[in-house]
Each structure stands twice: as structure tokens, then as C-alpha cells.
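Observations on the model geometry
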Amino acid sequence: MTRLRLGTPSPIGAVPPASWNALVGDDYPFLRHEFLSALEDSGAVSANTGWIPRHLTLWQGGELVGVLPHYLKYHSFGEYVFDWAWADAWERAGGRYYPKALSAIPFTPAPGPRLLLAEDIDPLQARRLLSEAWESEDISSWHLLFAEQTEVDAWRQACPELIPRHGVQFQWRDRGFGDFEGFLATLTSKRRKAIRRERRRIAEQGLSLHRLQGDEIGDEDLAHFFRCYQLTYLERGQRGYLDEGFFERLRRDLPESLLLVQARLAGRPVAAALCLQGGRTLYGRYWGSEVMADGLHFEACYYQGIEHCLATGLTLFDPGTQGEHKLARGFAPRRLTSLHHIADPRLRDGVARFCDEESAHVEAYHDAAVQALPFKI
């Protein structure tokens, strides 16, 4: 058999789209060549923004047999697993934390696959070969974020020195509800009444909700969504990481993955949430509104997504990071694990202690969240 070799780290444009996507498939849109290309071609991911794409590839002869998204980072923005305190402590001690290496999807805290391999490739050999890429570079660390648990376990077997860090997100899962009323029937009476009241309030304010998919999303719809997206950041005195060109590329190249939830008042769009969908999962990603309306965020970002899953056969809804308020709406806590390679043993020891102490608090938080779920016992 032809020897497995590591390709030259490169931007996504240097990798043939068909070969990359053949490994990725259609279940997880954020790892598709089109999505990563939209990030890089729009300039959201570039040397100018502190994200240098250096995707890792594995080859047998001329055949692409493995891919891992990979970036050289000069800051920690847009990651959602926060290591600012590590960087600050190390630099105050005289060290250099940046650049660091990162395997994740920029600005996208959505759990999913990271390393994709052809069926006949030894995963242990592949991971040990890939680890040579960051062990040989002049960087402080390598970080694997929002990988699936099976992949986390495989990486820890291949590279036992990796430090695990635990976290929690909230996800909705179809338990055979059938429709939205079936979902509500599984909740306590108090929560069922509260959700119905929230949804009635939307109509009482004159708002209507509409779900547009793929080619149904027109130029004006996308332009309005982008204005709303920017408003979310402008409220905090910031600008969004992504520009209009990024979203235009998504609509052009990945239309089948897009779901736009649009809120209208007197027939005019006033708020929007843009989701992506894979083979089994709906991912809530971007949101904004031009109006203040009671319960509109919950309706557009949660209830419409649940209805869409139930109507289309998607079994999992990942609405995005953070938010205990999701618990009351049927989104259950899910444990997540990130992995961290720290080059210097002094920093590595400190990070390992931090993660070990933090894990007890995360586990207690997870258990309390489970107890707070509104499902009938």
C-alpha cells in the first residue's frame, strides 16, 4: 500500500473541492468546501483578521484520504472556548502565547466532525502523523474545539498528552413527538402554558413568521437579514465577523443548507434568523431584529426551528452556544470536550490544573441543568 503522507498546509482553495467534499459528505455543512471557501474568499478568515488558513491533508499517492480544518491564530476571538486567561498568564510570565494553532470552524461553536478519513486509513496512524504538524511548528499550542466525543476519545488515544477541557451546550432532540403539540404534551403544565402564551403574544403584536429555504431566499430577503445580523453587533458597539459577501456566497454555493426564518409586521420583514441544516441536524446560527417585540427571539430562533425539524424529519436542533433560558424550552444540556496541546511544560502544568479544577464545576452545572428540564417525569 502507498505510504501515507502529510500534505503542505494550505488554504482551502488549494484543495480540490470534489476530493474534500467526498470525505465530508452532507451531514455537517460547516466542514464543506463551500462553507470554508466562503469564509476565506470573503476575507473573514485571512491574515488581516488573524486567521491564517493552514488546512492539513493526508494523501496516498495522488489521492486525498484525510482532511482536518486548521488555522494559525494571532488572537482568540471567534472561538467560543475561551483561553484569554491562559494567554494573559503566560505572557505576563514572559512567554509568547500567539501564534497558536486551532482545528475548529471559525465563528461556529457547532459540534461536529473535525478529522475526516477515507475508510481504509488507520485513524491512529493518521492522528500521530498529523500531530507532527504542530509539534514541529514554532507555536505555543494546538486546540481542537467542538469535536464529537468519539473523535475526542480517538485523539486522546493517539496523543495522550492532550489536555481535556469540559463544557456544556444545549440541544433539542426529537423523541418521536410527531408535531409541536406532541412536543408540548411532554412538558409540565406550567411550561406548556408558558410556551403557548409566548407564541400567542407574537400574533397579538401583529407579527407573522415565515420559513424560506434555499432558492426561496431572494436578494431582498438576504439583504434584510444581513442588516438585522449587523444590528445584533451594533447594539454592543461592534461589527459582525462576517460580511454580506460571505452570506451571498453561501446562498450561491450551499443553497440547500440554508433556512431563513423571517418575521414580518404588516407584510414587511422586521427580523430574521438564518440557520444551516445537514442530513440530521438543524443549526441555529445568526439572528437580528429591527423591532423590540416580546418573545420574538424565542419564536424565531427556537420554536420555528423545532417546528421545522418536526416537519422535515431532522432529529436534532443545535440553536447555538450559551443560554440557560433554552432549558425551559426543552433544550437539554450536552457535555462537550475540547482538547489542548501545550508545548511548554510550565504552561502545560498550569493549564492542566485549571481544566481539572474547572471540570468539577462544569459537571455540577450539567447535573443542575438536567434537573431543571421541564419534561414530565
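Everything here concerns the structure above.
Now for a description of the structure that goes with this document. These numbers come from a predicted model, not from an experiment.

1. Overview of the overall build of the protein chain
Of regular secondary structure, the protein chain possesses eleven helices and 15 strands. For 377 residues, the compact-globule estimate of 2.2 N^0.38 gives 21 Å, and the C-alpha radius of gyration of the protein chain, at 22 Å, lies within 12% of that figure. In terms of principal-axis extent, the alpha carbons of the protein chain reach across some 60 × 45 × 45 Å. Look at the contacts in the protein chain between residues 6 or more apart in sequence, and 74% of them connect residues 24 or more apart. Surface summary for the protein chain: the accessible area is close to 16700 Å², and the carbon and sulfur share equals 50%. Placing the 43 positive and 50 negative side-chain charges of the protein chain at their respective mean positions leaves the two points 6 Å apart.

2. Overview of the packing of helix α2 (residues 33-41) against helix α9 (residues 244-253)
Interhelical geometry of α2 versus α9 gives an angle of 150° and a closest axis separation of 9 Å. Judged by the inter-axis angle, α2 sits roughly antiparallel to α9. Along this stretch, α2 crosses α9, giving a crossing that reads as right-handed. Taking contact as the criterion, the partners of E34, F35, A38, L39 and D41 in α2 are, on α9, F246, R249, L250 and D253.

3. Looking at the sheet that holds strand β1 (residues 4-6)
Strand order in the open sheet formed by four strands is β1-β3-β4-β7, and the pairing between neighbours is antiparallel. Edge strands, defined here as strands with exactly one partner in the open sheet, are β1 and β7 (116-117). Judged from the three bridges that link them, β1 and strand β3 (residues 56-60) form a sheet pairing that is antiparallel. Opposite L4, over in β3, you have Q60 as the bridge partner.

4. As for empty space enclosed by the protein
Tallying each qualifying case throughout the model produces one cavity of 30 Å³ or more. Taken as a whole, the largest cavity encloses approximately 40 Å³ of empty space. In this structure, the largest cavity is lined by G78, E79, Y80, L102, A104, I105, F107, T108, P109, L145 and F146. Considering only residue class, the lining of the largest cavity consists of eight nonpolar, two polar and one charged.

5. So, the sheet that holds strand β5 (residues 71-73)
The pairing of strands in a sheet happens through backbone hydrogen bonds and is either parallel or antiparallel. Spatial ordering of the open sheet is given by β2-β5-β6-β8-β15-β9-β14-β13-β12-β11-β10, a layout of eleven strands whose pairing is mixed. The outermost strands of the open sheet, each flanked by one partner alone, are β2 (51-53) and β10 (207-213). The mean inter-strand angle of the sheet, taken between neighbouring strand axes irrespective of direction, is 30°. Note: β10 against strand β11 (residues 258-265), seven bridges, orientation antiparallel.

6. Some words on the pairing of strand β4 (residues 63-68)
Within a regular beta strand, the side chains point alternately toward one face of the sheet and then the other, so they alternate between its two faces. Among the six residues that make up β4, five are buried, leaving the element largely enclosed by the rest of the structure. Here five bridges tie β3 to β4, and the two strands are oriented antiparallel to one another. When the sheet's bridge partners are listed, L58 is paired in β4 with G66. Where β3 hands over to β4, the hairpin turn is made up of two residues, of which G61 adopts a positive phi near 60°.

7. Details of the pattern of salt bridges
Where charged atoms from two side chains of opposite charge come close, those side chains can pair. Counted by the stated rule, this structure contains 23 salt bridges. Measuring nitrogen to oxygen at the nearest pair gives 3.0 Å for the salt bridge that ties E307 to R199. Highlighted residues: E307 in helix α10 (residues 296-312) and R199 in helix α7 (residues 189-204), separated in sequence by 108 residues. Note that R211 is salt-bridged to E307, the shortest N-O span being 3.3 Å. With a gap of 96 residues between them, R211 in strand β10 and E307 in helix α10 connect regions that are remote in the sequence. On the basis of relative accessible area, R211 is assigned to the partly exposed category, the value being 31%.

8. Some points on the state of the cysteines
Evaluation of the coordinates by the stated rule reveals zero disulfides. Distance from the sulfur of C301, which forms no disulfide, to the nearest cysteine sulfur (C275) is 7.2 Å. A residue is classified by how much of its surface remains accessible, and C301, at 13% relative accessible area, is buried. The thiol of C309 is unpaired, and the distance to the nearest cysteine sulfur, on C275, comes to 8.7 Å.

How each quantity is defined
- Position numbers for residues start from 1 in each chain and track the written sequence from start to end.
- Since the coordinates come from a predicted model, pLDDT governs what is reported: local features require at least 70, and pairs of side-chain atoms require 80 or more to be given and counted, while whole-chain, interface and lining totals use all residues.
- Working from all heavy atoms in the structure, the side-chain values ignore hydrogens and water.
- Labels follow the DSSP assignment, with helices taken as runs of H or I lasting at least four residues and strands as runs of E lasting at least two, numbered in each case from the N terminus.
- Radius of gyration here is computed from C-alpha atoms only, and the compact-globule reference equals 2.2 Å multiplied by the residue count raised to the power 0.38.
- Throughout, a contact is declared for two residues whenever any of their heavy atoms are within 4.5 Å.
- In short, Shrake-Rupley with a 1.4 Å probe defines the accessible areas, and a residue's cover is counted only from the protein chains shown.
- Here the positive residues are Lys and Arg and the negative ones are Asp and Glu; neither His nor the chain ends is included.
- Taken as the charge centre is NZ of Lys, CZ of Arg, CG of Asp or CD of Glu, depending on the residue.
- For helices, the axis comes from a line fit to the C-alpha atoms of the stretch in contact; other axes are also lines fit to C-alpha atoms, and the angle between any two N-to-C directions lies between 0 and 180 degrees.
- Note on terminology: angles under 35 degrees are roughly parallel, angles over 145 are roughly antiparallel, angles of 65 to 115 are roughly perpendicular, and the others are oblique.
- Here a crossing is called left-handed whenever its near helix is offset anticlockwise from the far helix by less than a right angle, and right-handed whenever the offset is clockwise.
- At least two DSSP bridges between two strands are required for those strands to pair.
- We place a 1 Å grid over just the protein atoms. Points where a 1.4 Å probe fits but has no way out form a cavity, open points with protein on both sides within 12 Å along at least 5 of 7 lines form a pocket, and any residue with an atom within 4 Å of a point lines it.
- Grid points are joined across faces, edges and corners, and a volume is the space filled by probe spheres set on the points.
- When residue character is reported, Ala, Val, Leu, Ile, Met, Phe, Trp, Tyr, Cys and Pro are called nonpolar, Asp, Glu, Lys and Arg charged, and the others, Gly included, polar.
- Type-normalised accessible area, obtained with a 1.4 Å probe on protein chains alone, sets the label of each residue: buried when under 20%, exposed when over 50%, and partly exposed for intermediate values.
- When a carboxyl oxygen of Asp or Glu lies within 4 Å of a side-chain nitrogen of Lys or Arg, that pair is called a salt bridge.
- Only a pair of cysteine sulfur atoms within 2.5 Å counts as a disulfide in this structure description.

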